[in-house]
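Chain by chain, the residues:
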Amino acid sequence: MMAITTNGFTIKSHFERKDAIVRQIYDRMLRSAQKFGAVGEEPKKTSIHLVNRTAFAGVATRKGAITLTIKSDRKLSSPRIHKSEQTSASRFHHEVRLASPADVDSELVKWLKDAYALSA
C-alpha cells in the first residue's frame, strides 16, 4: 500500500510515539466509514481528514486516544460530545474522544454516515 502524503505529512506520522490502541481505533473507524463508500485520507499537520467529496471528519491523534471532529447539519445531543461549534447556518462540528476501539459503536457510525452523506 502506498503511503499517502500531503505537504510532507503522512498517515503513518500521525501514529508515531502514540499508544498502539490509537491506530486500532483509527483502523476500526476507517473500516466502518468505508462501508458507506470510498473514503479519502488526507494527512494534515495536526489531523487526518476523512473525505468523501469534502471532509466529513477530522482525526487528531493523541498519546492514548483520538479526538474525532464530525461534520453535521444539526446540533447533536449526546454526553459523548465534549465540544460543539456552529460553523455556518447549517453546519456544526462536534468533537468526540475515542479511547478504545469499542467507542466506534453504532451511534458513532451513524454520525459518521450522516457526515459522509453531507459531504457527497
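Heads up: these notes are all about the structure in this document.

Cut-offs and rules
Residues numbered from 1 in each chain as written. Predicted model: local features only at pLDDT ≥ 70, side-chain atom pairs only at ≥ 80, totals over all residues. Heavy atoms only, no water. Phe/Tyr/Trp six-rings, centres within 6.5 Å; stacked < 30°, edge-to-face > 60°. Helix = DSSP H or I, 4+ residues; strand = E, 2+ residues; numbered from the N terminus. Buried < 20%, exposed > 50% of the residue type's maximum accessible area, 1.4 Å probe, protein only. Contact = heavy atoms within 4.5 Å. Pairing = 2+ DSSP bridges. Salt bridge = Lys/Arg side-chain N within 4 Å of Asp/Glu carboxyl O. Axes fitted to C-alpha atoms, helices over the stretch in contact; angles between N-to-C directions.

**Some points on the packing of aromatic side chains**
In total, this model carries three aromatic pairs according to the counting rule given. Summarising the aromatic geometry, the rings of Phe36 and Tyr116 are spaced 5.6 Å apart at their centres and angled 55° between planes, so their arrangement reads as tilted. Of this pair, Phe36 sits in the loop between α1 (20-34) and β3 (40-43) while Tyr116 sits in helix α2 (residues 106-118), and the two are 80 residues apart along the sequence. Tyr116 gets classed as buried once you look at its relative accessible area, which sits at 10%. Cluster of aromatic residues (ring-pair linked, three or more members): Phe36, Phe56 and Tyr116.

**Some remarks on the environment of Leu108**
Within the secondary structure, Leu108 is located in helix α2. By relative accessible area, Leu108 is classed as buried at 0%. In this structure the C-alpha to C-alpha distance between Leu108 and Asn52, which are 56 residues apart in sequence, comes to 17 Å. Once residues within four sequence positions are removed from consideration, Leu108 is found in contact with Leu68, Ile70, Arg80, Val96, Leu98 and Asp103.

**Here we look at the pairing of β3**
Of the two faces of β3, the one holding Glu41 and Pro43 is buried and the one holding Gly40 and Glu42 is not buried anywhere. Note: β3 against strand β4 (residues 48-51), four bridges, orientation antiparallel. Considered in β4, the bridge of Glu42 is made with His49. Here β3 folds back onto β4, and the loop between the two strands holds four residues.

**A closer look at the pattern of salt bridges**
With the rule as written, the count across this model stands at eight salt bridges. Put simply, Lys44 and Glu42 hold a salt bridge, and the shortest N to O gap is 3.4 Å. On the accessibility criterion, Lys44 (28% relative accessible area) is partly exposed. The exposure class assigned to Glu42 is partly exposed, which follows from its relative accessible area of 31%. Between Asp114 and Lys110 there is a salt bridge whose closest N-O contact spans 2.9 Å. With Asp114 and Lys110 both in helix α2 and four residues apart, the pair spans about one turn of that helix.

**Notes on the sheet that holds strand β5 (residues 55-61)**
Spatially, the six strands line up as an open sheet ordered β3-β4-β5-β6-β8-β7, and their pairing is antiparallel. Looking along the sheet, the strands with just one partner apiece sit at the ends: β3 and β7 (81-88). Neighbour to neighbour, the strand axes of the sheet diverge by 20° on average, direction disregarded. Running at roughly 50° to strand β6 (residues 66-72), α2 makes contact with β5, β6, β7 and β8 (91-98) of the sheet.

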